[in-house]
Amino acid sequence: MSGAVDLSSLKQPPAGASGGGGGDYAVAEAEFEVKVLRRSMQVPVVVALYSQRSPGSVELVHTLERLVAESDGAWDLATVEAESNMRIAQAFGVQGIPTVIAVAGGQPLADFQGAQPEPQVKQWLSAVIDAVAGKLEGGDTEPQPAEDPRFTAAEAALERGDMAGAEAAYEAIIAAEPGNEEAKSALRQLRFLSRAQAIPDSAIATADADPANVDAALDAADVEMLHQQPDASFDRLIALIKKTAGDDRTKARTRLLELFELFDPAEPFVVAARRKLAAALY
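An account of the accompanying structure is given in this report. (Residues numbered from 1 in each chain as written. Predicted model: local features only at pLDDT ≥ 70, side-chain atom pairs only at ≥ 80, totals over all residues. Heavy atoms only, no water.)

1. Side note on the pairing of strand β3 (residues 99–104)
The buried fraction of β3 is high, at six of six residues. Alternating residues of β3 divide into Thr99, Ile101 and Val103 and Val100, Ala102 and Ala104, and every residue in both groups is buried. Of the pairings in the sheet, the one linking strand β1 (residues 45–50) to β3 comprises five bridges and is antiparallel in character. Bridge pairing links Leu49 to Thr99 in β3. (Buried < 20%, exposed > 50% of the residue type's maximum accessible area, 1.4 Å probe, protein only. Helix = DSSP H or I, 4+ residues; strand = E, 2+ residues; numbered from the N terminus. Pairing = 2+ DSSP bridges.)

Okay, here's the thing in structure tokens:
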């Protein structure tokens, strides 16, 4: 529904327009700009147009009032008595009562018409909240902490293409805070990229043509990972571990563990590869 209607005419209520009564969420033309348009810049506002002569629409309003009280500020409610606020109904193009419209960022986002059972209303509300997640200012959210200037400096070095400078910045963070997992993860990713980006794509064909070449297999595994093929990369190294011994096996296992650390250990493909590694070793 977004953009289908123009609500700009409701920013300036006609002379003599008065505020509405009828409850904490009641909105008339005089309050529409503040309580709906401006408020929708922070959280979605659900506008419920109803009539006192329609028991079904009154019941729906009561349902919404109960749900918004339970929403912990995720959305807000504006109940509009349609017969005494015809300009609002006309602006939305309302053709039946009740009509419920979600407004976000000053624009209609979604709507439904007619009385609905509570589970369906909850599902609709959930879809509206998901649709605007992260796109509005937020209602009562706490201010976000300032960015760590040390990470900002490292990211700036990366943007300049200064891989060595970024690596030094992350190493300095870890030296000062050995438990800083964010810096450790960033440094692992950076070191992998520095190594893998220097390997030609032909490394895969080279390794396939010479299965006994351990260094070629390590390079090929890096290229596959760089190309977002973790399963192929893991399988290549596990196969290498199975058929090697001594220092060669240690090199292959060390590289595999390094690649595991690029991911969340709970990722299904990491869990599966770890099982294959255990079988290969024991």
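2. Section: the packing of aromatic side chains
Taken as a whole, this structure holds seven aromatic pairs when the rule is applied. Ring geometry for Phe112 against Trp124: centres 4.9 Å apart, planes inclined by 85°, an arrangement best described as edge-to-face. Of this pair, Phe112 sits in strand β4 (residues 107–113) while Trp124 is found in helix α4 (residues 118–132), placing the two residues twelve residues apart along the sequence. For the pair formed by Phe112 and Trp124, the shared burial category is buried. Counting every residue linked through ring pairs, the aromatic cluster contains Phe234, Phe260, Phe263 and Phe269. (Phe/Tyr/Trp six-rings, centres within 6.5 Å; stacked < 30°, edge-to-face > 60°.)

3. What about a negative patch on the surface?
On the surface, a cluster of negative charge is made up of Glu147, Glu155, Glu159 and Glu182. Tracing the chain through its elements places Glu159 in helix α5 (residues 149–159). (Patch = residues over 30% accessible without salt bridge, like charges linked within 9 Å, V, L, I, M, F, W, Y side chains within 5 Å. Areas by Shrake-Rupley, 256 points an atom, 1.4 Å probe, with all protein chains shown as cover. Salt bridge = Lys/Arg side-chain N within 4 Å of Asp/Glu carboxyl O. Lys, Arg positive; Asp, Glu negative; His and termini not counted. Charge placed at Lys NZ, Arg CZ, Asp CG, Glu CD.)

4. Digging into the pattern of salt bridges
Here the structure, examined in full by the defined rule, presents 20 salt bridges. Glu118 is paired through a salt bridge with Arg66; the nearest N and O atoms lie 2.2 Å apart. Taken together, the positions of Glu118 in helix α4 and Arg66 in helix α2 (residues 55–69) put the pair 52 residues apart, joining distant regions of the chain. Residue class for Glu118 comes out partly exposed when judged on its relative accessible area of 26%. A residue is classified by how much of its surface remains accessible, and Arg66, at 37% relative accessible area, is partly exposed. Asp148 is paired through a salt bridge with Arg150; the nearest N and O atoms lie 2.8 Å apart. Here Asp148 falls in the partly exposed class, since its relative accessible area comes to 26%. One continuous salt-bridge network, built from bridges that share partners, spans Arg195, Asp222, Arg255 and Glu258.

5. Remarks on the nonpolar core
Core analysis: the largest hydrophobic core is formed by 21 residues, its most contacted members being Phe234, Leu256, Leu259 and Phe260. Secondary structure elements with two or more residues in this core: α7 (181–196), α9 (214–226), α10 (230–243), α11 (246–260) and α12 (268–281). Each residue touching Phe234, except ones within four places of it in the same chain, is listed here: Met225, Leu256, Leu259, Phe260, Phe263, Phe269, Val270 and Ala273. Ranked by size, the runner-up nonpolar core spans 18 residues in total, among them Leu60, Val61, Leu67 and Trp75. (Core = buried A, V, L, I, M, F, W, Y, C linked by side-chain atoms within 4.5 Å. Contact = heavy atoms within 4.5 Å.)

6. Quick notes on unusual backbone geometry
Omega for the bond connecting Ile97 with Pro98 falls within 30 degrees of zero, at 0°, which places this linkage in the cis form. Within the secondary structure, Pro98 is located in the loop between α3 (86–92) and β3. Of note, Asp72 is a non-glycine position whose phi angle comes to about 55°, a positive value. With respect to the secondary-structure elements, Asp72 resides in the loop between α2 and β2 (76–81). Look at Gln228: it is not a glycine, yet its phi comes out positive at around 60°.

7. Re α2
With 15 residues, α2 extends 21 Å from end C-alpha to end C-alpha; this agrees with the ideal 21 Å at 1.5 Å per step. Check the buried side of α2 and you find it contacts β1, β2, β3, β4 and α4. (Expected span 1.5 Å × (residues − 1).)

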